[in-house]
Every structure is written in C-alpha cells, then in structure tokens.
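# Summary of structural features
The lines below spell out each chain.
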Amino acid sequence: MAECGRKGLSLLEAARSRYESLQISDDVFGESGDDSSENPFYSTTGDSNSDNGGEAEDARRSSGTVSSGSTGRSQQEEEEEEEEEEEGWRDTLRDISLAQYKDTHGPTQKMPATATAMDFFQLFVPDNVIQNMVTQTNMYAKKYQERFGSDEGWTNVTPAEMKAFLGFVISTSVQRCESVLSIWSSGFFSNRSIALKMSQARFEKILKYFHIVAFRSSQGGNQGLYKIQPFLDSLQQSFSCTFRPSQTQVLHEPLIDEDPVFITTCTERELRKRKKRKFSLWVRQCSSTGFICQIYVHLKEAPGPDGLDTLKKPQLHSMVAKQLCQNLAGRNAIIFTGPSITSLNLFQEFEKQEIYCCGLLSTRKSDCTGLPPSMLRNPDGPQQRGQYRTKMKGNMSLISWYNKGNFRFLTNAYSPTKQGVIIKRKSGEIPCPLAVEAFAAHLSYICKYDDKYSKYFIFHKPNKTWQQVFWLTISIAINNAYILYKMSDAYHAKRYSRAQFGERLVKELLDLDDCSPTQ
C-alpha cells in the first residue's frame, strides 16, 4: 500500500514538474484564489467521484495500451481494419521525439523598475498611433461639417484630449459601468475624480467624430475593416516585437460576449435593439503566460478576399489557423487546437513547416477526412475511466480516451507510447496518454486566463463594427501590457493587481497628478 502511494506521489510530482511554467504564471492577474495556483490540471468531469485503482487499472497504466470492447470482431470490422491498415493507420505504436524549440521566449526588451502603466501600454499604442487618431478625427470632422453643416461647438482635438478620451473609455473596464457617460452622472457609476478633466459635451463631440481612418483608400484592401486595418497592423507588429511566446501556444476564440450581469439588467426592448456581433475574433496565445501573440478578425456578413465568405466552417477555421501561424514556420512550436480547427490535412501541412499540433477532435465539428472510422465510433461494450486506444500513421496519433465520455485527440507533438495522468481537483488520478495530459494542462490555463480577462472588458459597446473591434483590441493590448509589467522589474517595485494597473493607466492617460491606484 505504501509503495502504491509513493508511486502515485511520484506520478503527481512528475506531471506537475512538466508544466512548472504554468504554475508560476497562473496568478497572472494577481487575484487568483488559493486553489488556482496549486494545480494546472483539470478533470474533464471535475465534479465526478474518484475511481480507486485496482489490478486492471494498474495493468493498463503500466502497459500503455488498452483494449476497447470485446475481442470478437465481425467480418465487416475486420475488412474495415484491413482498409485502415492499407491507408497507414496501425495499432502498432512507436516512440517519437520532438526537436527543441528554435526560439527564445519572453519579453524582448528590459523595462526599468521605474516604468509606469503608460510605458507598458505605449509599447502597443505609442504616441504616433495616438497622433494618427488625432489627425484622422479632425479630418473626418472637417469633411462631415462640409457636407452636413458646421458644428459650432467643435474645435480640433489635441493629443492630450485624445489620450483623455481613451482614458475615459478604458475606465469602464475598471469601474464596470454600463455606459461611459455614467462618469458624469449623479448615479452609482459616477466618477467625479476623473469627470472634471473633460466636460461631457466635449467628450461626446470627440466620440461623434472619432476615427482611425477617415476615408477609404483607393487601393481597396480589407473593405469591411478599412477604418481600423492600419491600427490592427500596427498592433500586430507591436505584439510580435515586444514578446516571444513559449513553445506551446493555443489557437482559440477568446470570450468576448456581453457581461451576463449587464444582460440581466437590460429590458427586453434593449436586448432587441442590441445588434448581434458581426465579427469573430481568433487569437494565437502563449499558453505559459496568456500573452496574445496574434489576432485575426473575420467579418461574418461581409464578402472577404478570395471568396472567404463562401467557405464552410472547417475550411474557414483552417484558413484562420494558417493566418495565425504564418510566422511560426521552422521553430518546432506546439499548437493546441479546438475541434473546429483540428483536422488531419491541416496538421500534416503544419508538420511540413515544423509546426506540431495537438487538438481535440469532434465527429460533429471537426473535418474528419482521412481518419480511420473505427476510431470515430464509440465502443459497444462498457468502458472504464482512463481506458484508451491509439492508432498511428507516420508521426500522427489518433487517441480515443474515455472519461465518463469518449474524447478523441489528434497529435503529432507527443509520443503515443508515453504515459500521463489527469489529476482531479478533489482526489484521484486518471491514466491517459501524455498528449491528453498536455492538452488538459495548457487548455485549463487558457480557460483561467479567459475567466480573468473577461472581467476587464471595455464596457463601452458602440454599434459600429469597426469601433467594437477597436475597443476589444485595446482591451487585449492592456492585458498584454499587464503581463509584460508582471514579468518586469517594475512589478517587483510596486505590485499592482490587474484592477490597480487599469486604474493607474486611466489616471496617467488623463494626466492626473495623483497616479496611485486605489488600494
């Protein structure tokens, strides 16, 4: 019994040591509870009871292969098995090893201990970008008034006013007020400490004429996003220049839905008036720090280049994945993907570029072309938790793993012969291939990041799509700025939480004398 306990403890310690970086950076926003920093792993059914290991489970854990269902097979199944072997899918497994990551990771420049929140924010939104907002806003205001009549209350906006304008809107992510105009109200969300910096009338004038690109370029480009594309390009370049991600990264859609508390306070009429979001946002995110390395915006209803509007979902998601990973070729990066992206053809194409993948597979959402049908069906007989079966073709492994439900994984990044373990929150361990353990560890970290990130949305919700995209990407830039702050000497000088960092940034944008955040 003692030997079994020591074996379990060593397995637990080995699993945790494999993902030490996730444990270090788990408290990325400085506000996690005691539970979140202890264990980066999760059970697919976290509230389920533990299965105590018996002799059969010990045998499965040591052998690395598990039978699925009865041994007797019909003639049809045998013929299907032969066809799959002819296509290269076999039950015989071999060990594979991945070359080392061909890149360093972390911030690319050392920020001084005296660096402010504004310094980190301006790594992504520098003065020249703000100056362009000033120029384009004034140009749009002039053209608008030439067409519709003069606006006597308007004067050209200045860089200081533009920073204050950004600060007012960003403050909604900290104060969580449902309207930025609430700052000047006498209600619960009023904020007299910053309201005196600019009148409500002046703010509304800037809001009326605010533009990133005042006029459409004759060169065309991305038609639906032409009013924001230069800003997106600049932001993307700054993400790439300031930070290099770790070897493991995740492709996914971050949480950008409305805050549920705010939705419950809306009347039915207000909900009907609120337009459905017309775009989807995909990101490539470092799974060790949460830093978003690259973004891709797809307009749902606008015609796209090369006929993107006519693509089916698997084709569209495959194209999005290629766009997000275009700078990773030759680095031996490992990409984790959800069911909508996971496909054999995409993974094989990435492998040629030395990009390796591990993805969750769904028979309903994934493109299952080229995969063996026998692995896509649930076994007829009863299964035990931790039971799995693997087939291999070249370096590609298809895993069917059971944990109160059948879960399938496609990977060429992890050896199918190596064992892992899913560590449940309460107690117990579930054996699994190493690829399943890695997927669970990295995706659970990103889920925790999303839970924290969604608390710091800019709550200002304009009707125009380009403005929605702009404020969403500003939110991403601020979160990235905070991650760089936490990895710098400035964090050791003054340990601000994410909320305090946001408050400080707002006050610095407004150029207020007292820049110390609320404790």
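Report on the accompanying structure. Bear in mind the structure is a predicted one, so any value in this text is a computation, not a measurement. (Residues numbered from 1 in each chain as written. Predicted model: local features only at pLDDT ≥ 70, side-chain atom pairs only at ≥ 80, totals over all residues. Heavy atoms only, no water.)

## Some words on the overall build of the protein chain
A count of helices and strands for the protein chain gives 19 helices and twelve strands. Buried residues in the protein chain amount to 50% of all 519 residues. In the protein chain, of all internal contacts separated by at least 6 residues, the share reaching a separation of at least 24 is 70%. Carbon together with sulfur atoms contributes 48% to the accessible area of the protein chain, which is approximately 25100 Å² in total. (Helix = DSSP H or I, 4+ residues; strand = E, 2+ residues; numbered from the N terminus. Buried < 20%, exposed > 50% of the residue type's maximum accessible area, 1.4 Å probe, protein only. Contact = heavy atoms within 4.5 Å. Areas by Shrake-Rupley, 256 points an atom, 1.4 Å probe, with all protein chains shown as cover.)

## Focus on the pairing of strand β10 (residues 406–411)
Bridge count for strand β7 (residues 355–361) against β10 is four bridges, and the pairing is antiparallel. Directly across from L360, in β10, lies its bridge partner F409. Pairing between strand β9 (residues 396–402) and β10: six bridges, direction antiparallel. Within β10, the residue paired with L398 across the bridge is L410. In textbook terms, the turn of a hairpin is the stretch between consecutive antiparallel strands, and for β9 and β10 this stretch comprises three residues, one of which, K404, has a positive phi near 55°. (Pairing = 2+ DSSP bridges.)

## A closer look at the nonpolar core
The nonpolar side chains of a soluble globular protein tend to be buried, and buried together. Of all hydrophobic cores here, the largest spans 82 residues; its most connected members are F120, F124, M133, F168, F231, F470 and I474. Ranked by the residues each element gives to this core, the list is headed by helix α17 (residues 465–486), at 14 residues. Beyond its immediate chain neighbours, meaning those up to four positions away, I474 contacts F121, V125, I170, F231 and I458. (Core = buried A, V, L, I, M, F, W, Y, C linked by side-chain atoms within 4.5 Å.)

## Here we look at the pattern of salt bridges
All told, the structure shown has 14 salt bridges when counted by the stated rule. A salt bridge links K391 to E81, with the shortest nitrogen-to-oxygen separation between them at 3.0 Å. In this pair, K391 is assigned in strand β8 (residues 388–393) and E81 in helix α4 (residues 75–86), connecting sequence segments 310 residues apart. Here K391 matches E81 in class, with each residue buried. Measuring nitrogen to oxygen at the nearest pair gives 3.2 Å for the salt bridge that ties D103 to R331. Taken together, the residues D103 in the loop between α4 and β1 (106–107) and R331 in the loop between α13 (313–324) and β6 (333–337) connect sequence positions 228 residues apart. When its relative accessible area of 28% is taken as the criterion, R331 is described as partly exposed. (Salt bridge = Lys/Arg side-chain N within 4 Å of Asp/Glu carboxyl O.)

## Observations regarding the sheet that holds β6
Ordered by their spatial adjacency, eight strands build an open sheet running β5-β4-β3-β6-β7-β10-β9-β8, and the pairing between neighbours is mixed. Of all the strands in the sheet, the pair left with one neighbour each is β5 (292–299) and β8. Mean inter-strand twist for the sheet, computed between neighbouring axes without regard to direction, equals 15°. Both β8 and β9 contribute to a ladder of six bridges, which runs antiparallel. Its bridge partner being in β9, K393 is matched across the sheet by M396. (Axes fitted to C-alpha atoms, helices over the stretch in contact; angles between N-to-C directions.)

## Some thoughts on the environment of L255
For L255, the position within the fold is in the loop between β3 (248–252) and α11 (260–265). The spatial distance from the C-alpha of L255 to the C-alpha of C447 is 9.4 Å, given a sequence separation of 192 residues. For L255, the residues in contact, after removing those within four places along its chain, are D450, D451, Y453 and F457.

## Quick notes on the side chain of S475
Position of S475 among the secondary structure elements: in helix α17. The exposure class assigned to S475 is buried, which follows from its relative accessible area of 2%. Within the structure, S475 has its side chain in polar contact with the backbone oxygen of W471 (distance 3.0 Å). Among all residues touching S475, those that are not within four sequence positions of it are Y453, Y456, F457 and I458. (Polar contact = N/O pair within 3.5 Å; in protein donor to acceptor, adjacent residues only side chain to side chain.)

## Some points on the packing of helix α7 (residues 159–175) against helix α19 (residues 498–509)
The geometry of a pair of packed helices is captured by two quantities: the angle between their axes and the separation between those axes. One can describe the packing of α7 onto α19 by two numbers: an axis separation of 8 Å at closest approach and a directional angle of 160°. On the basis of their axis angle, the class for α7 and α19 is roughly antiparallel. Relative to α19, α7 is oriented so that their crossing is left-handed. Packed against α7, whose contacting residues are K163, A164, L166, G167, I170, S171 and V174, the element α19 presents A499, G502, E503, V506 and L509 at the interface. (Parallel < 35°, antiparallel > 145°, perpendicular 65-115°, else oblique. Left-handed = near helix turned anticlockwise from the far one by under 90°.)

## Things to note about the packing of aromatic side chains
Where two aromatic rings form a pair, the distance of their centres and the angle of their planes describe that pair. By the definition in use, this model includes 29 aromatic pairs. Between W184 and F203, the aromatic rings sit 5.1 Å apart at their centres with planes inclined by 40°, giving tilted as the arrangement. Remark: F203 occurs in helix α9 (residues 200–209) and W184 occurs in the loop between α7 and α8 (192–195); sequence separation between them is 19 residues. For the pair W184 and F203, a shared accessibility class is recorded, and that class is buried. (Phe/Tyr/Trp six-rings, centres within 6.5 Å; stacked < 30°, edge-to-face > 60°.)

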